[in-house]
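Chain by chain, the residues:
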Amino acid sequence: MEVHLSDAERVFIVHGVQEGIRNDGRGASDYRPIRVETGVLSTTLGSARVRLASTDVLVGVKAEIDEIDCKQTEKKGRIRFFVDCSANATPLFAGKGGEEMAEFVSTALTDAYSNSMALDLSKLVVSTTKAWTVFVDVVVLECGGNLTDAAALGAKAALADARLANVRIKASDSEKSEIELTDDAYFDSWQLDVTAAPLLVTVNKIGWSNVVDASLQEEVCTKSALVVGVASSPAKGDLVTLVRQTGRGSLEPDSVDEMIALGVRAGNSLNRELDRILVDIGRTQMNRNELVSAAGFLSS
Amino acid sequence: MRLPASSLPLSHFTQSSSGLPSHSDRQNTANMRPFFIRANVLESAKGSAYIEMGNTKLVCSVDGPKEITVSSDSGDAYSEGILNVRVKFAVFSHQERTVSDADAHRRIGDPTELETKLAANIQDGLSPAVCLDRIPRAQIDINCTILEDQGGVLSAALICASSALADAGIDMYDLVLSSSLAVVDNDQMIVDPSTTCLADKPISGSVTVALMPSLNQVVTCEQSGACSPETLRKAIRLATECCVKLHPLVQKALVTSVRLRSRPK
């Protein structure tokens, strides 16, 4: 939905936010209702669907075994993010508009994950010359504002859901090596540790106030915003993994500090909630697995 | 000539043993790399500037305002002008010639992934500083050629391009000054790092800040890597201080160029 606001509507929203009143009655650090589902796509190793009010993203994780770049000093796998903003999501994405947005979200995700804390990429190594490359594909089904945050939530949930098969590489005499896979790839698999994976929080500056999770109308009223990547690792506590300023406005140095602080606060509570949801989902899945095995071993 | 994918450049083996001075003691603003800027370096362009930050060297030229040629998607593109930034890395600008997967299939002359990203960053950083509302339905072309990239290229490009804009006589709210710093493992900060001085250090984060010094407004704030919120706050503060330090140097370069221009031939 394309949003056109008259000057009067704009002033109404800006003044409201400055008084601490948002159109839908939320506080400055409140998110709209979030729904997370995992395991929604059977063609992927892991998937998630996130609905943040009317913003809807679908994330699939796939992995391929690749050669390790010989220039790297330490051996590790790779993770790559791709975002697809189709014109279905909003008419604004028709033509090049979608590409720009997609490029922004995918680089933000790539940069937020490009630190040694986010994911232990050395676990992706399968042999001295080969490692997994994990592809995270985000498809935007509908855009109702705050796409970046929704995409990051989806990416983390999908990565948590992903199951990579245990493989062994058999070195053979010739240059080529053989990849050996066990028969039951689902049960003989492992999951990535996403406890320290970052989430992105977009902090919007509206008037002189800062708000998170702006709706489409509020996004139109935003002159500048900061995208803050927030992770919490058990070892190092709260971490900021990305800060990126967007929009056509400028900010005072002090308000940059305030916005980052708000982003970290909102990101932490979001991280906690997501972890809780993922644990819940994991538990129900485990029950399901037990059921399956019980059925399979009835004869014994 | 394209190198085979599995080869290693010679610099991979020689870099660590090179006799370059170490910069481990760079913790405060006094230890920025040598800085040089000169405006009005190209005769043919309306405005231009050349900058050196250590071994990072680049030239910017500015042309316009002129009729819009690039298509823009934002709805109010015609109520205010736009900046059209093009970035070109010279082939020899890096230690080794690298071709990324995405770049392998591009046509000759098309911008690489890195160039597009940098151009977008420069555009975002400069747009707030230029009075774009005074030039509706017009565009300003900024061309940026990077001769040598030894780190801090975004900062250098922002300063250089804003000086070139000022040199071209385009209405601006303020200059844009920028500075980068790296946070090394134990929360130690290296101001204005070069790629060589970071080569063998474990970096936990890097911060780039661009500032309009007289208005005290931040136009670009970028961080990557992982640092604690407290360290980040300190890093941004320090980077801001470094930006302010460059102000007199850039001002002086602009005054010199105006003097040279007004001098009767």
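The rules behind the values
Residues numbered from 1 in each chain as written. Chains lettered and ligands numbered in written order. Predicted model: local features only at pLDDT ≥ 70, side-chain atom pairs only at ≥ 80, totals over all residues. Heavy atoms only, no water. Helix = DSSP H or I, 4+ residues; strand = E, 2+ residues; numbered from the N terminus. Expected span 1.5 Å × (residues − 1). Buried < 20%, exposed > 50% of the residue type's maximum accessible area, 1.4 Å probe, protein only. Contact = heavy atoms within 4.5 Å. Patch = residues over 30% accessible without salt bridge, like charges linked within 9 Å, V, L, I, M, F, W, Y side chains within 5 Å. Areas by Shrake-Rupley, 256 points an atom, 1.4 Å probe, with all protein chains shown as cover. Salt bridge = Lys/Arg side-chain N within 4 Å of Asp/Glu carboxyl O. Lys, Arg positive; Asp, Glu negative; His and termini not counted. Charge placed at Lys NZ, Arg CZ, Asp CG, Glu CD. pLDDT = per-residue confidence, 0-100. Buried area = accessible area lost by both parts, 1.4 Å probe. Polar contact = N/O pair within 3.5 Å; in protein donor to acceptor, adjacent residues only side chain to side chain. Nonpolar A, V, L, I, M, F, W, Y, C, P; charged D, E, K, R; others polar. Pairing = 2+ DSSP bridges. Axes fitted to C-alpha atoms, helices over the stretch in contact; angles between N-to-C directions.

Caption draft 1: Seen up close, helix α2 (residues 96-113) of chain A. With 18 residues, α2 of chain A extends 26 Å between its outermost C-alpha atoms, agreeing within 8% with the 26 Å of an ideal straight helix rising 1.5 Å per residue. Those residues of α2 of chain A not exposed but buried are Gly97, Gly98, Ala102, Val105, Ser106, Thr107, Ala108, Leu109, Asp111, Ala112 and Tyr113 of chain A. Against β4 (78-85), β5 (130-142), α3 (147-161), β10 (199-206) and β13 (237-247) of chain A together with α2 (113-126) of chain B lie the buried residues of α2 of chain A.

Caption draft 2: Region of interest: a negative patch on the surface. Together, Glu99, Glu100 and Glu103 of chain A together with Glu113 of chain B make up a region of like negative charge exposed at the surface. Top element by residues in the negative patch is α2 of chain A. It accounts for three residues. Note on placement: Glu100 of chain A falls in helix α2. You can call Glu100 of chain A exposed: its relative accessible area is 54%.

Caption draft 3: Examining α3 of chain A more closely. If you check α3 of chain A, its first and last C-alpha atoms are 21 Å apart, about what 15 residues at 1.5 Å a residue would give, namely 21 Å. Among the 15 residues of α3 of chain A, 15 are classified as buried, and the element is accordingly described as predominantly covered.

Caption draft 4: Here's a closer look at the confidence of the model for chain B. Residues and elements named next belong to chain B. Per-residue pLDDT for chain B averages 83, and the proportion of residues at 70 or more is 80%. Mean pLDDT values over the elements of chain B span from 62, in helix α1 (residues 11-14), up to 95, in helix α3 (residues 153-167). The low-confidence segment residues 16-27 (pLDDT under 50) makes 20 contacts with residues lying over four places distant or belonging to another chain.

Caption draft 5: Region of the structure containing the interface of chain B and chain A. Opposite the 35 residues of chain B that make contact, chain A presents 30 residues. Roughly 2,700 Å² of surface becomes buried between chain B and chain A when both sides are summed, with 50% attributable to carbon and sulfur atoms. Our enumeration of links across chain B and chain A arrives at four salt bridges. Close ionic contact of Arg237 of chain B with Asp254 of chain A constitutes a salt bridge, the shortest N to O distance being 3.7 Å. The interface formed by chain B and chain A contains twelve residue pairs in polar contact (both at pLDDT 80 or more). Of all the secondary-structure elements, those providing two or more residues to the side of chain B that touches chain A are α2, β8 (203-212), β9 (217-227) and α5 (229-262) of chain B. The element contributing the most residues to the side of chain B that touches chain A is β9 of chain B, with eleven residues. Class assignment for the residues of the side of chain B that touches chain A results in 15 nonpolar, twelve polar and eight charged.

Caption draft 6: Representation of the sheet that holds strand β4 (residues 82-89) of chain B within the structure. Residues and elements named next belong to chain B. In spatial order, the strands read β1-β2-β3-β5-β4; together these five strands make up an open sheet with mixed pairing. Edge positions in the open sheet fall to β1 (35-39) and β4, since each of these has one partner strand only. Taking the axes of each pair of neighbouring strands and ignoring which way they run, one obtains an average angle of 15° across the sheet. The sheet contact formed by strand β3 (residues 56-67) and strand β5 (residues 138-148) spans nine bridges and is antiparallel. Directly across from Lys66, in β5, lies its bridge partner Gln139.

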